[in-house]
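Take a look at the letters that make up each chain.
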Amino acid sequence: MPDTFDLTVIGSGPAGYVAAIRAAQLGMKVCLIEKDKTLGGTCLNVGCIPSKALLESSHKYHEILHGLDNHGIEVAKPKLNLAAMIKRKASVVEQLTKGVAGLMKKNKVTVKTGWATVKKAGVVSVEGEQIATKNILLAVGSTPVELPFARFDHKTIIDSTDALALPEVPKHLIVIGAGVIGLEMGSVWKRLGAKVTLVDVAAKPLAVMDDSIADAALETFTNQGLEFILGAKVTEVKGGKVTIEKDGKAQTLEGDKVLVAVGRKAATANLGLAEAGVTLDARGVVQIDQNYQTNIPGIYAIGDCVPGPMLAHKGEEEGIACVELLAGQHGHVNYGAIPSVVYTHPEAAGVGLTEAEAKAKGDIKIGKFAFRANGRALASGDATGFVKVIADAQTDEMLGVHIFGHNASELIAEATVLMEFKASAEDMARCCHAHPTLAEAVKEAALAVANRAIHF
């Protein structure tokens, strides 16, 4: 069977479609296979983009209800049109997925729709068609984890996809998992009028982030009306009844919707990978080397289906690095400078090591600056939170930056760029920042590493 394509990418999420574009730019003949009717994967269709659309819409609704009087703006009580809100979310998704399809045409990437299976190195089958290819790139993404005692019925026991399209506001939404998805979806429905209870076995929400962010998140979101039951194990879910065990005592919560948001797993089932000899771990995660190649030469993998954080931008960078390496270039991903963001209000963002991780490696210095001392934050009415900079005590190299506050998702980019170039806290402190901006808090936190903060 003669080679038809230089590269066949399975999965059109951010990792897959970006890899396909970069490969085409490098002169490869590329095929992109997607099981769904629209391109973009989980992120564009039922993840990152639609959730942010709902977060933005629900925030505007909540702000009209509770946040404008301090600005001297008096308005009548707004009326929620949930159907219109969901329709707007869908239109944003449609625009972006069509945009990805347009990019495939622009870059002359062949797109095939259907379920792909890997027959062996160099051969992929999709809907009965055999595709010959020099290289195969797995970018198959992830799916929500389902608990054995809380199987999704997609009516009462729901996953994150269901939570994006509820036909009415729940009276009581119980969320199992107080991580990123749980907090974001919990925030949406709380703003729109639901009672929201988040249950987690961890002692804090956002347990994987820096402790200072987890502590601030618990206080802030509790004040917003979210209810947390932490350090609790869920033992049974029957319809809307959730039985938990905390401190040796059992209690039952009753809600009309139960969102299971305990994480995601690699979507590697039924792809023929084991039969083709590709090594997976016990959780179905594809094992790769430093060049993203599996144990089978010519088969590569990136994104949510390989080890590391399940982040769209991490997958994008891996896709670019992988195909550049295939082209003989020097693709590289700095895993120490990949930011993570939670799009609540305030937002939470971090890059690099947490304080606990940094302390475990050696002596550190910390600078912290509160947004309540920042002029732009006070003027805009969003003064909750802080910026925290962690630096090596000897070299002053920045090891981690953590932000809890308005527009943290945008502010973290400065720290990410500087850490990519191994900048010191003083380097960031000496960069001129426009006044008045929220970014001045980043500069002040860097100054605070050396006890030089000006405004705090």
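Placed above this text is the structure.
The notes below deal with the structure included here. (Residues numbered from 1 in each chain as written. Predicted model: local features only at pLDDT ≥ 70, side-chain atom pairs only at ≥ 80, totals over all residues. Heavy atoms only, no water.)

### A short note on the sheet that holds strand β12 (residues 233-238)
And then number 1: Here three strands make up an open sheet; going across it, the order is β12-β13-β14 and the pairing antiparallel. Whereas interior strands pair on both sides, the edge strands pair on one side only; in this sheet they are β12 and β14 (249-254). When the angles between neighbouring strand axes are averaged without regard to direction, this sheet yields 20°.
And then number 2: When β12 meets strand β13 (residues 241-246), the two strands line up antiparallel, connected through five bridges. Its bridge partner being in β13, V234 is matched across the sheet by I244. (Pairing = 2+ DSSP bridges. Helix = DSSP H or I, 4+ residues; strand = E, 2+ residues; numbered from the N terminus. Axes fitted to C-alpha atoms, helices over the stretch in contact; angles between N-to-C directions.)

### Remarks on helix α7 (residues 211-223)
And then number 1: Over its 13 residues, α7 runs 18 Å from end to end, which matches the ideal 18 Å to within 8%, given 1.5 Å per residue.
And then number 2: Taken together, the buried positions of α7 are occupied by S212, I213, A214, A216, A217, T220 and F221.
And then number 3: Packing partners of the buried residues in α7 comprise α6 (180-191), β11 (227-230), β19 (347-352), β20 (364-370), β21 (386-392) and β22 (398-405).
And then number 4: Downstream of α7 by a residue or two, G225 has a phi angle that is positive, lying close to 105°. (Expected span 1.5 Å × (residues − 1). Buried < 20%, exposed > 50% of the residue type's maximum accessible area, 1.4 Å probe, protein only. Contact = heavy atoms within 4.5 Å.)

### Regarding helix α1 (residues 14-25)
And then number 1: Between its first and last C-alpha, α1 extends 16 Å over twelve residues, near the 16 Å set by a 1.5 Å rise per residue.
And then number 2: Here α1 lies mainly inside the structure; eleven of its twelve residues are buried.
And then number 3: Where α1 is buried, its residues touch β1 (5-10), β2 (30-34), α2 (41-46), α4 (82-106), β6 (129-138) and α8 (312-326).
And then number 4: A positive phi of about 95° marks G27, the residue just after α1.

### Points about the environment of L399
And then number 1: Here L399 shows up in strand β22.
And then number 2: Through-space distance from the C-alpha of L399 to that of A358 is 7.1 Å; in sequence the pair is 41 residues apart.
And then number 3: What L399 contacts, discounting residues up to four positions off in sequence, is V351, G352, L353, A358, I364, I390, A391, D392 and M419.

### A short note on the pattern of salt bridges
And then number 1: Evaluation of the coordinates by the stated rule reveals 19 salt bridges.
And then number 2: Of the charged contacts, one joins K422 and E397 as a salt bridge, the two residues approaching to 3.9 Å between their closest N and O atoms. One end of the pair, K422, is in the loop between α11 (408-420) and α12 (425-429); the other, E397, is in the loop between β21 and β22, with 25 residues separating them in the sequence.
And then number 3: Here the salt bridges do not stand alone but share partners, grouping D210, E355, K359 and K388 into one network. (Salt bridge = Lys/Arg side-chain N within 4 Å of Asp/Glu carboxyl O.)

### Here's the deal with the packing of α1 against α8
And then number 1: For the pair α1 and α8, interaxial distance at closest approach is 8 Å and the crossing angle is 30°. Compared by their axis directions, α1 and α8 come out roughly parallel. As for how α1 packs across α8, the hand of that crossing is right-handed. From α1, P14, A15, V18, A19, R22 and A23 reach across to α8, where they touch A312, G315, E316, G319, I320, V323 and E324.
And then number 2: Tallied by class, the residues present in the contact of α1 with α8 amount to eight nonpolar, two polar and three charged. (Parallel < 35°, antiparallel > 145°, perpendicular 65-115°, else oblique. Left-handed = near helix turned anticlockwise from the far one by under 90°. Nonpolar A, V, L, I, M, F, W, Y, C, P; charged D, E, K, R; others polar.)

### Overview of the pairing of strand β9 (residues 172-176)
And then number 1: Most of β9 sits inside the fold, with five of its five residues counted as buried.
And then number 2: What joins β9 to strand β10 (residues 195-200) is α6, and the crossover it makes is right-handed.
And then number 3: Across four bridges, the pairing between β9 and strand β15 (residues 257-260) is parallel. Bridging from a neighbouring strand, L173 pairs with K257 of β15. (Right-handed = clockwise from strand over helix to strand, strands pointing away.)

### Some remarks on the nonpolar core
And then number 1: In this structure, W189, L198, L206, F228, L259 and F404 are the most contacted members of the largest nonpolar core, which totals 36 residues.
And then number 2: Secondary structure elements with two or more residues in this core: α3 (48-66), α4, β9, α6, β10, α7 and β11.
And then number 3: Residues within four places of W189 in sequence aside, it is in contact with L82, A163, L166, E168, V169, P170, L173, A194 and V196.
And then number 4: In this structure, F371, A377, A415 and M428 belong to the second largest nonpolar core, which totals 30 residues. (Core = buried A, V, L, I, M, F, W, Y, C linked by side-chain atoms within 4.5 Å.)

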